[in-house]
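Fold and contact review
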Amino acid sequence: MPLADLTADARILWRLLRGQPRRGSHAERLQAFYAPQAARYDAFRARLLHGREELIEELAIAPGEHVVELGCGTGSSLQRLGSRLPGLASLHLVDLCPALLDQARQRAVGLANVQVVEADATRWQPEKPVDVVFLSYALTMIPDWSAVIANAHTMLRPGGRIGVVDFHLPADANPVGRRFWLSWFGHDGVHLSAEHLPALRQRFTECRRSERRAAVPYLPGLRAPYYRFVGERRD
Ligand SMILES: C[S@@+](CC[C@H](N)C(=O)[O-])C[C@H]1O[C@@H](n2cnc3c(N)ncnc32)[C@H](O)[C@@H]1O
C-alpha cells in the first residue's frame, strides 16, 4: 500500500482508537467523531463494511421507484446503485452528520433525482410513501434503533421493501466473543445487538436473510459478525 494511504489509514485508526466522544448531543458526537475522518471515510470503510453491494442487488430496485437511505454517510451508495440510479423516481439520502453529508452533496451534484437531507432517521418522513428504504451499518449507530425501524415501516407503502446490512451479535456467539465485539465496537459508538434482526422480522415479512463474518482491517484472524436482511411491509 502506498505511504500516503498508510498515513491516511493511521489517522482513521487513531480516531477509532480514541473512540466516539462521550459529551454532547448525539448529532454533536457524530460530527466530532466523523469530521476528521470524512475525506478518507470511504477508502477505509470499503474494507470494513461488507455486504453493501449484495444488499443493493437483493433489493432488486426497479426503474421508477422512490427510494430512501437512512444513515447514508458520504452517499457512497450512489456508486453501488450504479446503472439503477438514473431510472429512480427519487432517492433521498438522510443523515445527521454534516461532515459526511458534505461528501454526499459533492457526489450528488448534477443528479436531479437525488436529494441529500440533514435529519434524524428516527423522525424524518418523505412527503409520500416510498417503495424502498435501506440502511447500511447505520442501525447500530442510532441509540433509538427501534424508532428507526418503526419510522422506516411508516414511510414504506404496503408491500414496500426494507433492506438492512449491519454488524450484530449472532444467536450462537460465545460469551468471550460477545464481550469482545460489544466493547470493541461500543468504543466507537457502534452498539451491537441480538435484538435488531428479531425486531425487523416482527415488523416485516422476511424475504432474504444471511448471517456472515468478515475480515476487519489491521486485525488479522478476527472476523466480525454481520447480517443482511430484506423484508416487505406486510400491512
Ligand atoms: C457507520 S456509518 C454508515 C454510513 C453509510 N451508510 C455507509 O454504509 O458507509 C453510520 C451512519 O449513521 C449516521 N447516523 C447515526 N445516527 C443517525 C440518526 N439518528 N439519524 C440519521 N443518521 C444517523 C451517521 O452519521 C453515519 O453516517
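Let us look at the structure shown here.

The rules behind each value
- Residues numbered from 1 in each chain as written.
- Predicted model: local features only at pLDDT ≥ 70, side-chain atom pairs only at ≥ 80, totals over all residues.
- Helix = DSSP H or I, 4+ residues; strand = E, 2+ residues; numbered from the N terminus.
- Rg over C-alpha atoms; globule rule 2.2 N^0.38 Å.
- Buried ≥ 20, exposed ≤ 12 C-beta atoms within 10 Å, placed from the backbone.
- Near = placed C-beta within 6 Å.
- Nonpolar A, V, L, I, M, F, W, Y, C, P; charged D, E, K, R; others polar.
- Pairing = 2+ DSSP bridges.
- Axes fitted to C-alpha atoms, helices over the stretch in contact; angles between N-to-C directions.
- Contact = placed C-beta atoms within 7 Å.
- Parallel < 35°, antiparallel > 145°, perpendicular 65-115°, else oblique.
- Left-handed = near helix turned anticlockwise from the far one by under 90°.
- Arc of directions from axis to C-beta.

**Considerations on the overall build of the chain**
On a plain count of helices and strands, the chain comes out with nine helices and seven strands. The C-alpha radius of gyration of the chain comes to 17 Å, within 12% of the 18 Å expected for a compact globule of 235 residues. By principal-axis analysis of the C-alpha atoms, the chain measures approximately 45 × 45 × 35 Å. The 235 residues of the chain split such that 34% are buried.

**Details of the site of the ligand**
In the neighbourhood of the ligand, 21 residues make up the surrounding shell, with G71, G73, C97, A121 and S136 lying closest. Split into classes, the residues belonging to the shell around the ligand amount to twelve nonpolar, five polar and four charged.

**Describing the pairing of strand β1 (residues 66–70)**
Counting buried positions over the five residues of β1 gives five, a clear majority of the element. Burial along β1 is two-sided: H66, V68 and L70 facing one way and V67 and E69 facing the other are all buried. The pairing of β1 with strand β2 (residues 90–95) spans five bridges and is classified as parallel. Bridged to L70 within β2 is V94. Sheet analysis places β1 next to strand β4 (residues 130–136), joined by three bridges and oriented parallel. The residue of β4 that forms the bridge with V67 is V132.

**Observations concerning the sheet that holds strand β3 (residues 114–118)**
Taken together, the seven strands give an open sheet; going across it, the order is β3-β2-β1-β4-β5-β7-β6, and neighbouring strands pair in mixed fashion. The sheet is open, and its two borders are formed by β3 and β6 (204–215), each paired with just one other strand. Taking the axes of each pair of neighbouring strands and ignoring which way they run, one obtains an average angle of 15° across the sheet. Two elements, β2 and β3, share five bridges in a ladder whose sense is parallel.

**Some thoughts on helix α6 (residues 98–108)**
Buried within α6 we find A99, L100, L101, Q103, A104 and R107. Looking at the buried residues of α6, the elements they touch are α2 (26–34), α3 (41–45), α5 (77–81), β2 and β3. Note on α6: the residue one or two positions beyond its end, G110, has a positive phi of about 85°.

**Some thoughts on the packing of helix α7 (residues 145–155) against helix α9 (residues 196–203)**
Two elements in contact, α7 and α9, have axes separated by 11 Å at closest approach and are oriented at 25°. In terms of orientation, α7 lies roughly parallel with respect to α9. Two packed elements cross with a definite hand, and for α7 against α9 that hand is right-handed. In this structure, α7 uses W145, S146, I149 and H153 to contact α9, whose residues at the interface are H196, A199, L200 and R203. Here the contact of α7 with α9 is composed, by residue class, of four nonpolar, three polar and one charged.

**Observations concerning the environment of G73**
Along the chain, G73 falls in the loop between β1 and α5. The exposure class assigned to G73 is buried, which follows from the 25 C-beta atoms found within 10 Å. Between the C-alpha atom of G73 and that of P98, which follows or precedes it by 25 residues, the distance is 9.2 Å. If near-sequence neighbours (up to four positions away) are discounted, G73 is found in contact with Y41, D95 and L100.

**Some remarks on α7**
Among the residues making up α7, those that are buried are W145, V148, I149, A152 and M155. When α7 is viewed along its axis, its buried side chains cluster within an angular range of 130° and face the same direction. On the buried face of α7, the contacting elements are β1, β4, β5 (156–167) and α9.

**Thoughts on unusual backbone geometry**
Residue A60 is not a glycine yet carries a positive backbone phi of 45°. Counting through the fold element by element, A60 comes out in the loop between α4 (52–59) and β1. The partly exposed category is assigned to A60, around which 13 C-beta atoms lie within 10 Å.

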